[in-house]
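# Structural description and commentary
What follows is the residue order along each chain.
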Amino acid sequence: MSSQPSIAISWQEQVADKRKRLQALIPPEWTIPPVPHEQLNVLDVPQTCGLLTDRELEITNTSDVAVLLRKLASAEWSAVEVTTAFSKRAIIAHQAVNCLTEIFINTALQRAAELDAYLKEHGTVMGPLHGLPISLKDQFPIKGLETTMGYAAWIGKVAEHDAVLVQLLLRAGAVLYVRTNVPQTLMWGETHNNVFGRTLNPYNRKLTPGGSSGGESALIAMHGSPLGVGSDIGGSIRVPSHFCGLYGFKPSSHRMPSCGIVNSLDGQESIPTAIGPLTVSFSGVVAFVRGILDLEPWRYCPATIPKPWSQDDYSLRNRDGGKKLCFGIMWDEGSVKPHPPILRALAETKKAVEAAGHKVIEWKSLRHSEYIAIARSIWLSDGSEDYNSCLTTGEPLINSMVPDADPNDIPAFRIPRQPLTAYQLWQLNKERKALRKTHLDRWEATVAVTGTGRPIDALICPVAPYAAVPHGQTRSSIYTVIWNTLDCPGLVIPVTKVDPVVDSKPVREEFWSEEDRVVHDMYDPEIYKGVPVGVQIIGPTLQEEVVLGAGKVVDAALRSI
């Protein structure tokens, strides 16, 4: 029997088909009229579109994950109604900001019904995240679903197994229902790819929600999800959280299980990816981290450090119970001065922490440019072979996040380099090791000035030199990459919003660097008006619980003023 010759399908046709299939997964009764193009802030669309009931609005407007979990555990709210409410709101959010890549609501509702039946039969929850809808960045494979990670060549690649984190979330009782958009290659502080297009910031759709977990941040900011899971190799959890007014947490790189995820630069272990949550509340961060650690993820992922959750560290037991802490504060990293609202957020945080009875001392930047240079050299050490290996269908590499950019316009930090030899890479690892030791010694030396008999308990610093920027305007993520190079855990806490009256543009005649001048010139208070501003809380490697304990103190101080 003769076979018909196969007909090659272009990558554009594959993309069109994928988008069509995604659209078909949206229930017709959940579609809303197109949001007017001139409407920039779309945070109120779920409230005003008329699709959600009063009960669904009450559920999805709940801004404390601990409250959601309590009401699910008591059966005051069923898992089915909570899942339905967040699913509808996620679909609304997608129609406003283009944040979703996979939708599997029917499976989620079936799962929710099973959880309700379990609670009714056993009188107890299945796990610590019982009934909580959790969204996932498009890096976490789920059996039977595609995971494209923004690459046309990956369309049609169906997962045969769940990622370990997915398995553990299900064991914890979570309900998985959507996955969210990422930038092509992941290595961007914005979110755009050739498969799903660009994700927008719901505070102002002319601005980016950040990246690479920008689909998550946009969705959660619109309360289409109470908690999502992202990844962070250079700021990809923290920058989107900062841009969208969320809590976000990057643990040390091997604290959460990474087995089974798809990734860029997969196999690069010098500065590994960290997995963590983005969420509407501080309680969501703790619920996720503790929930996963209590399931002993190191038994399922050999790269995960076998370190159980420490309640003593979280309660700051060895730090006087958190009654009298000493924080360092880093106003800048020495080469790019933050915009006025960033400095104001730091000042407000310092004032609040001091008003709560704690001490804050200055932390000057030291050799941070070396951290950035090492990280960049490591990430580009393959000569772009990883990126090119994922572009096998003719899809072009995106060289700029600027809308309608000239494909030949390549930012300096994205220009390909010659691949390094193994020996050259080893030298970078040696430099990084030496820098980490220098940083640790400097941290420990603060014991001489804290007045507590301990080094500083945590460091308060910017997440970025700016709030959410117009599409295509993000620069190198210097304020977050520092801590990836050092493998320090970092928590983002929302503090304020840009106020043009207060945050006026200063006049500067001298600049610290060319990048400093560019970032200064970017600032226009009216463009940034009303967008969120956060701060970053940093601690030593593998002291996640201490960072969260100190972060709880900072968050409580901020909420009390």
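Residues numbered from 1 in each chain as written. Predicted model: local features only at pLDDT ≥ 70, side-chain atom pairs only at ≥ 80, totals over all residues. Heavy atoms only, no water.

### Examining the environment of Lys323
- With respect to the helices and strands, the residue Lys323 is situated in the loop between helix H11 (311–314) and strand E9 (326–329).
- Judged by its relative accessible area of 64%, Lys323 falls in the exposed class.
- Counting along the chain gives 173 residues from Lys323 to Gly150, while the straight-line C-alpha distance between them is 46 Å.
- Look past the residues within four positions of Lys323 in its chain and what remains in contact with it is Gly357 and His358. (Helix = DSSP H or I, 4+ residues; strand = E, 2+ residues; numbered from the N terminus. Buried < 20%, exposed > 50% of the residue type's maximum accessible area, 1.4 Å probe, protein only. Contact = heavy atoms within 4.5 Å.)

### Quick notes on the packing of helix H13 (residues 368–379) against helix H15 (residues 422–445)
- Following both chains from N to C, one finds H13 and H15 inclined at 150°, their axes separated by 10 Å at the closest point. Of the possible angle classes, the one that applies to H13 and H15 is roughly antiparallel. As for the relative orientation of H13 and H15, their crossing is left-handed in sense. Contacts between H13 and H15 involve Glu370, Tyr371, Ile374, Ser377 and Ile378 from the former and Leu425, Leu428, Asn429, Glu431, Arg432, Leu435 and His439 from the latter. (Axes fitted to C-alpha atoms, helices over the stretch in contact; angles between N-to-C directions. Parallel < 35°, antiparallel > 145°, perpendicular 65-115°, else oblique. Left-handed = near helix turned anticlockwise from the far one by under 90°.)

### Topic: helix H5 (residues 79–97)
- Between the first and last C-alpha of H5 there are 26 Å, a value that for 19 residues agrees with the 27 Å anticipated at 1.5 Å per step.
- Extensive coverage of H5 is indicated by the burial of 16 of its 19 residues. (Expected span 1.5 Å × (residues − 1).)

### A few points about the state of the cysteines
- For the coordinates displayed, the defined rule picks out zero disulfides.
- Looking at the unpaired Cys244, the closest cysteine sulfur is the one in Cys99, lying at 10 Å.
- For Cys244, a relative accessible area of 1% translates into the label buried.
- As a non-bridged cysteine, Cys301 has Cys259 as the owner of its nearest cysteine sulfur, 3.1 Å distant.
- Taking the relative accessible area as the measure of exposure, Cys301 reaches 0% and is therefore buried. (Disulfide = S-S within 2.5 Å.)

### Remarks on the sheet that holds strand E7 (residues 247–250)
- Pairing in this open sheet of 11 strands is mixed, and the strands run E1-E3-E2-E6-E8-E7-E12-E13-E11-E9-E10 from one edge to the other. Only two strands of the sheet have a single partner each, and these edge strands are strand E1 (100–103) and strand E10 (359–362). Each adjacent strand pair in this sheet contributes to an overall mean axis angle of 30°, direction not counted.
- Strand direction decides the pairing type here: E7 and strand E8 (residues 274–279), joined by two bridges, are antiparallel. Directly across from Tyr247, in E8, lies its bridge partner Thr279.
- Sitting on the sheet, helix H12 (residues 340–355) touches E9, E10, strand E11 (458–461), strand E12 (490–497) and strand E13 (532–538), and the angle it makes with E12 is about 105°.
- In this fold helix H17 (residues 478–486) packs onto strand E6 (227–232), E7, E11 and E13, with an angle of close to 20° to the strand it touches most, E13. (Pairing = 2+ DSSP bridges.)

### Digging into the packing of aromatic side chains
- For the structure shown, the criterion picks out six aromatic pairs.
- With a centroid separation of 5.2 Å and an interplanar angle of 55°, the aromatic rings of Tyr151 and Trp154 are classed as tilted. For the pair Tyr151 and Trp154, one class covers both residues: buried.
- Ring centres 5.4 Å apart and planes at 50° place the aromatic pair Trp309 and Tyr314 in the tilted group. No difference in accessibility class separates Trp309 from Tyr314, as the two residues are buried. (Phe/Tyr/Trp six-rings, centres within 6.5 Å; stacked < 30°, edge-to-face > 60°.)

### What about unusual backbone geometry?
- In this model, Gly211 is joined to Ser212 through a cis peptide bond whose omega is 5°.
- Residue position: Ser212 is located in the loop between strand E5 (197–198) and helix H8 (214–221).
- In this structure, His223 takes a positive phi of about 60° despite not being glycine.
- We note that Asp320 has phi near 60°; this positive angle belongs to a residue other than glycine.
- You can call Asp320 partly exposed: its relative accessible area is 45%.

### Describing the pattern of salt bridges
- Under the counting rule described, the total for this entry stands at 28 salt bridges.
- Measuring nitrogen to oxygen at the nearest pair gives 3.0 Å for the salt bridge that ties Glu146 to Lys18. Remark: Lys18 occurs in helix H1 (residues 11–24) and Glu146 occurs in the loop between strand E2 (133–137) and helix H7 (164–171); sequence separation between them is 128 residues. Across the pair, exposure class does not vary: Glu146 and Lys18 are buried alike.
- Note that Arg255 and Glu544 form a salt bridge whose closest N and O atoms lie 2.8 Å from each other. Of this pair, Arg255 sits in the loop between E7 and E8 while Glu544 sits in helix H19 (residues 544–559), placing them 289 residues apart in sequence. Here Arg255 and Glu544 have matching classes, each one buried.
- One salt-bridge network, held together by shared partners, links Asp17, Lys18, Arg21, Glu102 and Glu146. (Salt bridge = Lys/Arg side-chain N within 4 Å of Asp/Glu carboxyl O.)

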